[in-house]
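What follows is the residue order along each chain.
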Amino acid sequence: VYDHIVVDDLKINAIVLASFAYHAAMRDEMMPRIPFKRWKANFSKHQPELFKDGGSLTNAFADYDNDGDLDLFVGFKDKPNRLYRNNNGAFENVADQVGLADSNVTRTAAWGDYDGDGHVDLFVGFVSRNESSNKLYRNEGDGKSFTDVTRTSGVNLTGSFRQASWVDYDNDGDLDLFIGLRNKPNVLLQNTSGNFKNMAKQLDIDDARRTVGAVWFDYDKDGDLDCYVANMDGDANGLFRNDGSKFVDIAKEVGLESGGRPLGSGNYGSVRPSLGDYDNDGNLDIFLANYGPNGLYRNINGRNFKNVAPELGLAIDNRYDTGSWGDYDNNGRLDLYVNGTITGGKSYEDYLFHNDASGFTNITPKIIKDNDGDHGAHWVDFDQDGDLDLALTGASSDGMHHLLRNEIAEELAQQSLQVVVLDGDGHYTRSGSEVRLYKAGTKQLLGMNILDTGSGYNSQNAMPVHFGLRGIDSVDIEVTVMTNLGRKSVLLNNVDPKKYLGTNLIVKINAAGKRVN
């Protein structure tokens, strides 16, 4: 109210007016969901010696050893891959010990519990070289070893691998595997008791365009996951609506074909689509990191999309690899990190955009500019202090794969909540599930998010969704999952976020869409 006072309309004296100004300041200092002052982005390097090496392309987080904190896989192009075990915020590389230290050029990493045993497994994709172009590693569940099951499971493929996504496209309760390929038709592997069969051609999702990125979400809210693919070399993007017996490309019809860049020229393309509800209206919007102007497609009615990047200050025209959404300052709005690629010896600028509700402001701190990331990027609360940290990669020999720790004040960091959605057995098989938070006892939406189905550079995390809740003491939580009975939602009322400081709220939902305690 106080933000819109017109002095000429107020017949009050100077003392009363001063009182208004004082109380407005106090209101914004105590509950600054629309900040009274701009909050600085302040980060520091975590274990800088450990994460200093360049040549890194992709990164992905998951709690592979089920000890309660998130571990980090990093894929390289010129050295063995690494798996960093997280021991209460201190990382060590254990890739050699557990059997994940491949030396092929690695552009793809996706975590998912494909065999439903409660231990997340890892798909790794390489660029075409040697005989094998991918591996599927089964987590043996002891926190100490992975087994290569590529051939025995039917996942031995060839191609130039890009996005891989573990999703249950057919709602039969297990994770299937989608793979986007840069040089041949995309693949959709149906999971039947741990054995995989390519159904892409039969289901009309074998897109032969040059795919790099992809995300899955229930675009039409009919209870199954649809697929949006980002294509390079001038190819149009595709939105494949899941109609059960087949997929239908409706990208042009709903306004998502171009991704915000010109079509038809090999100089332009889309690299990474990133899902996030930037305007808190309950619908997922899509940011496109492009070769060419970046795009931000606002989901305007749950059916159609409009590119609002030019008017919101995000249509930068260069070459970009990744956009990653995250509320770094816990003010209730998703901010956006965008990294420029490195190609032809040139490195393109990186950005951190603060979401100001009416637009985005470039607030990129020096530490992000100096580290000059490209390809992989994720927001993640690796130290479980309540705020989001930033994990980067850098492909050049003098690059890095730093983990930047968020240094906002403790009292602000703790005003947040992280939610994990599991199946009825407590296993991580519900990627694509939606989580919405409301102010307790009201229909006031505070934010929504989706369990990862594709993010960063050709990666997929198995980790919680994060919500900044500055000034909010109690929330109602709606969790929506996809089942063979359609969309099913459960509601948790009057949840106190403070009860979950340093941990996650775990929500288990069974095949019938019912919550399991």
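Residues numbered from 1 in each chain as written. Predicted model: local features only at pLDDT ≥ 70, side-chain atom pairs only at ≥ 80, totals over all residues. Heavy atoms only, no water.

Q: Sorry, what's going on with empty space enclosed by the protein here?
A: One water molecule sets the probe size; rolling that probe over the atoms shows where empty space is left. Scanning all chains against the criterion turns up three cavities of 30 Å³ or more. Of the voids in this model, the largest cavity is the one considered here, and its volume is about 460 Å³. If you trace the largest cavity, you find 30 residues lining it, with Leu275, Trp325, Asn449, Ile450 and Met463 closest to the centre. Those elements that provide at least two residues to the lining of the largest cavity are strand E18 (269–276), strand E22 (317–326), strand E28 (377–380), strand E33 (445–450) and strand E35 (465–468). Mapped onto the domain boundaries, the lining of the largest cavity takes at least three residues apiece from domain 1 (43–410) and domain 2 (419–516). The calculated volume of the second largest cavity comes to roughly 110 Å³. Gly332, Leu334, Gly447, His466 and Phe467 are, among the 14 residues lining the second largest cavity, the residues nearest its centre. Secondary-structure elements contributing two or more residues to the lining of the second largest cavity are E33 and E35. By residue number, the principal contributor to the lining of the second largest cavity is E33, which donates four residues. Class assignment of the residues belonging to the lining of the second largest cavity gives a composition of five nonpolar, six polar and three charged. Counting contributing residues, the lining of the second largest cavity receives three or more from each of domain 1 (43–410) and domain 2 (419–516). (1 Å grid on protein atoms, 1.4 Å probe; cavity = no way out; pocket = protein on both sides within 12 Å on 5 of 7 lines; lining within 4 Å. Points joined across faces, edges and corners; volume = space filled by probe spheres on them. Helix = DSSP H or I, 4+ residues; strand = E, 2+ residues; numbered from the N terminus. Domains from an automatic or database assignment. Nonpolar A, V, L, I, M, F, W, Y, C, P; charged D, E, K, R; others polar.)

Q: Help me understand the pattern of salt bridges, please; the structure alone is not making it clear to me.
A: Side-chain pairs of opposite charge can arise whenever the charged atoms involved come near each other. On inspection of all chains with the given rule, the structure shows 21 salt bridges. Between Arg298 and Asp279 there is a salt bridge whose closest N-O contact spans 2.7 Å. You can see Arg298 sitting in strand E20 (residues 295–299) and its partner Asp279 sitting in the loop between E18 and strand E19 (285–293), a full 19 residues away along the chain. You can call Arg298 partly exposed: its relative accessible area is 29%. By relative accessible area, Asp279 is classed as partly exposed at 24%. A salt bridge links Arg405 to Glu407; its shortest N-O distance comes to 2.9 Å. Take Arg405: its relative accessible area is 26%, and that puts it in the partly exposed class. What you see here is one network of salt bridges that share partners, running through Arg182, Arg210, Asp233 and Asp235. (Salt bridge = Lys/Arg side-chain N within 4 Å of Asp/Glu carboxyl O. Buried < 20%, exposed > 50% of the residue type's maximum accessible area, 1.4 Å probe, protein only.)

Q: Any chance you could explain the sheet that holds E28 here in plain terms?
A: Either a parallel or an antiparallel arrangement is found when strands of a sheet pair, and the pairing is made through backbone hydrogen bonds. An order of E1-E30-E29-E28 is seen for the four strands of this open sheet, with the pairing classed as antiparallel. Each of the sheet's edge strands pairs with one partner strand only, and the pair in question is strand E1 (43–46) and E28. When the angles between neighbouring strand axes are averaged without regard to direction, this sheet yields 25°. (Pairing = 2+ DSSP bridges. Axes fitted to C-alpha atoms, helices over the stretch in contact; angles between N-to-C directions.)

Q: Can you help me understand the domain arrangement of the protein chain in this one?
A: Much of the literature gives interface size as the accessible area that the parts lose upon coming together. Segmentation of the protein chain into domains returns domain 1 (43–410) and domain 2 (419–516). On a C-alpha basis, the centres of domain 1 and domain 2 stand 20 Å from each other. Of the residues lining the interface, 63 residues belong to domain 1; the matching set on domain 2 comes to 34 residues. Across the domain 1/domain 2 interface, buried area totals approximately 3700 Å², and carbon plus sulfur atoms make up 51% of it. In this structure, the connection of domain 1 to domain 2 is made through one salt bridge. Of the charged contacts, one joins Asp218 and Arg487 as a salt bridge, the two residues approaching to 2.9 Å between their closest N and O atoms. The interface formed by domain 1 and domain 2 includes 27 residue pairs in polar contact (both at pLDDT 80 or more). Looking at the side of domain 1 that touches domain 2, the elements with two or more residues in it are strand E2 (56–62), strand E6 (106–112), strand E10 (161–167), strand E14 (211–217), E18, E22 and E28. Taken together, the residues that form the side of domain 1 that touches domain 2 break down as 26 nonpolar, 21 polar and 16 charged. (Contact = heavy atoms within 4.5 Å. Buried area = accessible area lost by both parts, 1.4 Å probe. Polar contact = N/O pair within 3.5 Å; in protein donor to acceptor, adjacent residues only side chain to side chain.)

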